[in-house]
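Structure assessment
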Amino acid sequence: GQSLEQPSEVTAVEGAIVQINCTYQTSGFYGLSWYQQHDGGAPTFLSYNALDGLEETGRFSSFLSRSDSYGYLLLQELQMKDSASYFCALNTGFQKLVFGTGTRLLVSP
Amino acid sequence: NAGVTQTPKFQVLKTGQSMTLQCAQDMNHNSMYWYRQDPGMGLRLIYYSASEGTTDKGEVPNGYNVSRLNKREFSLRLESAAPSQTSVYFCASRGLPGETQYFGPGTRLLVL
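Note that this is a predicted model, so its numbers are computed, not measured.

A few words now on the overall build of chain A. When you go through chain A residue by residue, the secondary structure sums to 0 helices and 11 strands. Overall, chain A shows an N-to-C arrangement of helices and strands of β-β-β-β-β-β-β-β-β-β-β. Compactness check: chain A gives a C-alpha radius of gyration of 13 Å against a globular reference of 13 Å for 109 residues, within 12% of the reference. Its C-alpha atoms put chain A at 40 × 30 × 20 Å along the principal axes. For chain A, the proportion of its 109 residues judged to be buried stands at 47%. Sequence-distant contacts in chain A: of pairs separated by 6 or more residues, those separated by 24 or more amount to 55%. Put simply, chain A shows about 5100 Å² of open surface, and 49% of that area lies on carbon and sulfur atoms.

Between B:Thr7 and the following residue, B:Pro8, the backbone shows a cis peptide bond with an omega angle of -5°. Inspection of the secondary structure assignment puts B:Pro8 in the loop between β1 (4-7) and β2 (10-13). For A:Ser69, which is not a glycine, the phi torsion comes out positive at approximately 50°. Residue placement: A:Ser69 occurs in the loop between β7 (60-65) and β8 (70-75).

Next up on the list: the sheet that holds strand β1 (residues 3-5) of chain A. Residue and element names in this part refer to chain A. Strand order in the open sheet made by the 5 strands is β1-β3-β8-β7-β6, with antiparallel pairing throughout. Edge positions in the sheet fall to β1 and β6 (53-57), since each has one partner strand and no second. Recorded for the sheet is a direction-independent mean angle of 20° between the axes of neighbouring strands. Direction of pairing for strand β3 (residues 18-25) relative to β8: antiparallel, over a ladder of 6 bridges. Looking at β8, one finds that cysteine 22 is bridged to glycine 71.

Residues and elements named next belong to chain A. By secondary structure assignment, the location of serine 61 is in strand β7. With a relative accessible area of 1%, serine 61 lands in the buried category. In this structure, the C-alpha to C-alpha distance between serine 61 and proline 7, residues 54 residues apart in sequence, is 18 Å. Those residues within four positions of serine 61 in sequence are excluded, and the remaining contacts are Leu54, Glu55, Glu56, Tyr72, Leu73, Leu74 and Gln76.

Residues and elements named next belong to chain B. Within strand β9 (residues 87-94), 8 of the 8 residues are buried, which leaves the element mostly enclosed by the surrounding structure. Burial along β9 is two-sided: the residues Ser87, Tyr89, Cys91 and Ser93 and Val88, Phe90, Ala92 and Arg94 are all buried. As judged from the 7 bridges shared by strand β4 (residues 31-37) and β9, these two strands associate in the antiparallel manner. Residue pairing in the sheet places tyrosine 35 in a bridge with phenylalanine 90 of β9. Two elements, β9 and strand β11 (residues 107-111), share 3 bridges in a ladder whose sense is antiparallel. Within β11, the residue paired with tyrosine 89 across the bridge is threonine 107.

Okay, the layout of surface pockets next. Considered as a void within the structure, the largest pocket measures approximately 360 Å³ in volume. If you go around the largest pocket, you meet 22 residues; those closest to its centre are A:Gln37, B:Gln37, B:Asp38, B:Pro39 and B:Gly40. Among the elements that line the lining of the largest pocket, the one with the most residues is β9(B), at 3 residues. Here the residues of the lining of the largest pocket sort into 5 nonpolar, 13 polar and 4 charged.

Attention shifts here to the pattern of salt bridges. Residue and element names in this part refer to chain B. Tallied over the full model, the rule gives 5 salt bridges over all chains. Linking glutamate 79 and arginine 77 is a salt bridge whose minimum nitrogen-to-oxygen distance equals 3.1 Å. Sharing partners across several salt bridges, the network here consists of Arg36, Asp38 and Arg44.

About the thresholds
- Residue positions are given per chain, counting from 1 as you read along its sequence in written order.
- Chains and ligands are labelled by the order in which they are written, letters from A for the one and numbers from 1 for the other.
- Note on the predicted model: pLDDT of at least 70 is required for a residue's local features to be given, and 80 or more for side-chain atom pairs to be given and counted; whole-chain, interface and lining totals, by contrast, use all residues.
- Each side-chain value is worked out from all heavy atoms of the structure, with water and hydrogens disregarded.
- Numbering of helices and strands starts at the N terminus; helices are DSSP runs of H or I of at least 4 residues and strands are runs of E of at least 2.
- C-alpha atoms define the radius of gyration, and 2.2 Å times the number of residues to the power 0.38 defines the globule rule.
- Exposure categories follow from relative accessible area, calculated using a 1.4 Å probe and restricted to protein chains: below 20% of the type maximum is buried, above 50% is exposed, and the middle band is partly exposed.
- Should any heavy atoms of two residues lie within 4.5 Å, those residues are counted as being in contact.
- Surface exposure here means Shrake-Rupley accessible area, sampled with a 1.4 Å probe, where a residue is shielded only by the protein chains that are shown.
- Strands qualify as paired when DSSP identifies two bridges or more between them.
- Orientation is described by axes fitted as lines to C-alpha atoms, over the contacting stretch for helices, and by angles from 0 to 180 degrees between their N-to-C directions.
- Of the grid points, spaced at 1 Å and generated over the protein atoms alone, those admitting a 1.4 Å probe that cannot get out make up cavities, while open sets with protein on both sides within 12 Å along at least five of seven lines make up pockets; any residue with an atom within 4 Å of a point is treated as lining.
- Grid points are joined across faces, edges and corners, and a volume is the space filled by probe spheres set on the points.
- Under the scheme applied, nonpolar residues are Ala, Val, Leu, Ile, Met, Phe, Trp, Tyr, Cys and Pro; charged residues are Asp, Glu, Lys and Arg; polar residues are all the others, including Gly.
- What makes a salt bridge here is a side-chain nitrogen of Lys or Arg within 4 Å of a carboxyl oxygen of Asp or Glu, nothing more.

Below, the structure written as structure tokens:
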């Protein structure tokens, strides 16, 4: 099977940069996705890495290293509205997603 | 363009009751998915439908059935609800391979 590990909580201040790590175990996958979920809301897509390296989308970047079974999400210029839960997810085919347990990001003024 | 819609938003059931959760998408997507999310947890795949007319089990299919009624609609049925099925249920859809999944707003289900 597959499993993903993320820190349960990360705190940071407005304007800072924060990195959320994700380590995984899998026998095979197509890529690593990142989703954001505000309390009471639905997950929304942030970024996807099919290949090793860095993908940049505005203030958000995501990185994948298949050799290290590791990825991260980098959030720059943090804003209060970035306070949410962030999930990494393995794409295992037919875009079936296996999600990590999530990291709660708390941004303070 | 409403995206992915789910009904109902909230539901309370007694143990042993049955119900169907409805999901519809208006993005002409081929693939649709049902997930459950328990408090403080990530989402777990219950069932998915890669295309109209096909359905397959995900990680946690026991106690559920699905129907892909047409390209737009994918329903999830609980035949005999149990307290362990108390959760938030999300429906999602995806278009072409390589595209992301779009999630509906969720159905919050409490089984007493």
